[in-house]
Amino acid sequence: MALLGRKKGILDRLDAGEVVIGDGGYVIALERRGYVKAGQWTPEAAVEHPEAVRQLHREFLRAGASVLQTFTFYCSDEKLKISDSIVNITGRQINEAACDLAREVANEGDALVAGCISQTPCYFNTTNESEVKAIFKKQLDVFLEKDVDFLIVEFFEHVEEAEWAIQVLQTSGKPVAATLCMSPEGDRHGVSPGDCAVRLVKAGANIVGVNCHLDPMCGVKTVKLMKEGLEAAKLKAHLMVQPLGFHTPECNHGGYISLPEFPFALESRAITRWDMQKYAREAYNAGIRYIGGCCGFEPYHIRALAEELAPERGFLPPASEKHAPWGGALEHHPKPWIRLRASRDYWEKLLPASGRPKCPSMATPEK
Ligand SMILES: [Zn+2]
């Protein structure tokens, strides 16, 4: 049954020290399922195939997500115009449909809805502040009409553009989270993570961190640097991390986009559920309380975060009804050697083989 009344807001949850589990990546998952066109990466599926978006929201909720992000990545009219796969659908229609879908599923549990905006081609082409801000304002208008619970500025490569986005969104009075897709080296202009964090908070963000581009351990490392920057500047904000669900140990500043496998041969880099538990613990120990994922994060990865942090949260997600901790379900396997795998020790120590004898373990990033 849908919960009635107002849910506890994002800042109330974080201020109380609760662990907030984010959701996973929509664009890559829906591309693989046949609803998003690679290269464009636009979210018209919210209008064309709402059942596909609804189902993915539902799976993340069942896996333990405390937040469902609107499927509004790259959803400005300006960006949509560049896409050749959209006919007769406006940005407003997609933004509205995405808000409705996220709200419908969030109300099936205790999740919040976050309205999300991402970087614009306009910033890259013109760096015209008023034009870029007008694009954000248009999306914000829909988020306010649909009364989302809070806002997320995500996938920004330049801290300056993220500052502009925050300045627009914080006029709404709703909490704002801001995540850059950057490495420990900083943003695309070489602004360090510590300085980026200070600028995001000064622009009005309540929650800051990183998303996408690099793997979980790298994401935690970068957020630790952001935390140090905030402490040095005597500023306070909640911390957030939503990295890739792919291993990217050799990645540079450009992130996974600079790997030769991007975007159609990333499968061999997929992170296991056991790696995810390790990441959830590392992030928690670093003081990060909003922990989720981005591209490559499937619902079972989110479930692994929720299971690792179940002692802190005080509950397991519904999807754990079908998953015993640390391979426990194998205790009843008919084959005795498989039954021996019902142990934490086995899965923690396993080094998974790739099954590809001629493949290198690392690639050379292009840029
Ligand atoms: Zn991503």
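Residues numbered from 1 in each chain as written. Predicted model: local features only at pLDDT ≥ 70, side-chain atom pairs only at ≥ 80, totals over all residues. Heavy atoms only, no water.

### Comments concerning the coordination of the zinc ion
At 2.1 to 2.3 Å from the zinc ion lie its protein donor atoms, namely Cys212 (SG), Cys294 (SG) and Cys295 (SG). When the donor residues of the zinc ion are listed from N- to C-terminus, their spacing reads C-x81-C-C. As far as burial versus exposure is concerned, Cys294 and Cys295 are alike and both buried. (Donors = N, O, S within 2.8 Å, 3.2 Å for Na, K, Ca; no water. Buried < 20%, exposed > 50% of the residue type's maximum accessible area, 1.4 Å probe, protein only.)

### A look at the pattern of salt bridges
Within this structure, the stated rule accounts for 23 salt bridges. For Asp147, the salt bridge is made with Lys174, and the minimal N-O distance between the two is 2.8 Å. Residue Asp147 is located in the loop between α8 (129–145) and β4 (150–156), and its partner Lys174 is located in the loop between α9 (159–169) and β5 (176–180); the two are separated by 27 residues in the primary sequence. Relative accessible area serves as the criterion here: at 33%, Asp147 is assigned to the partly exposed category. By relative accessible area, which is 14% here, Lys174 ends up buried. In this structure, the salt-bridge partner of Arg344 is Glu348, at a minimum N-O distance of 3.1 Å. Remark: Glu348 and Arg344 occur in helix α16 (residues 344–349); sequence separation between them is four residues, near one turn of the helix. Given a relative accessible area of 42%, Arg344 falls into the partly exposed group. For Glu348, a relative accessible area of 48% translates into the label partly exposed. (Salt bridge = Lys/Arg side-chain N within 4 Å of Asp/Glu carboxyl O. Helix = DSSP H or I, 4+ residues; strand = E, 2+ residues; numbered from the N terminus.)

### Some thoughts on the UniProt feature "binding site: Zn(2+)" (unreviewed entry) in the chain
In this structure's numbering, the residues bearing the UniProt feature "binding site: Zn(2+)" (unreviewed entry) are Cys212, Cys294 and Cys295. These annotated residues cover 84 residues of sequence, and their C-alpha atoms lie no more than 6.3 Å from one another, placing them together at a single site. The topology assignment puts Cys294 in the loop between β8 (290–291) and α13 (299–308). With a relative accessible area of 12%, Cys294 lands in the buried category. In this structure Cys294 touches Gly24, Gly25, Asn211, Cys212, Gln242 and Pro243, once residues within four positions along its chain are discounted. Tracing the chain through its elements places Cys295 in the loop between β8 and α13. Of the residues examined, Cys295 reaches a relative accessible area of 11% and is grouped as buried. The contacts of Cys295, once residues within four sequence positions are left out, are Gly25, Ile28, Cys212, Pro243, Leu244, Gly245, Phe246 and Tyr256. (UniProt positions renumbered as here; feature names shortened; annotations may be inferred. Contact = heavy atoms within 4.5 Å.)

### So, the packing of helix α4 (residues 50–63) against α13
α13 packs onto α4 with a crossing angle of 20 degrees between their chain directions and a minimal axis gap of 8 Å. By the angle class used here, α4 and α13 are roughly parallel. Like other packed secondary-structure pairs, α4 and α13 cross with a definite hand, here right-handed. Contacts between α4 and α13 involve Leu56, Glu59, Phe60 and Ala63 on the former and, on the latter, Pro299, Ile302, Arg303 and Ala306. In terms of residue class, the contact of α4 with α13 is built from six nonpolar, no polar and two charged. (Axes fitted to C-alpha atoms, helices over the stretch in contact; angles between N-to-C directions. Parallel < 35°, antiparallel > 145°, perpendicular 65-115°, else oblique. Left-handed = near helix turned anticlockwise from the far one by under 90°. Nonpolar A, V, L, I, M, F, W, Y, C, P; charged D, E, K, R; others polar.)

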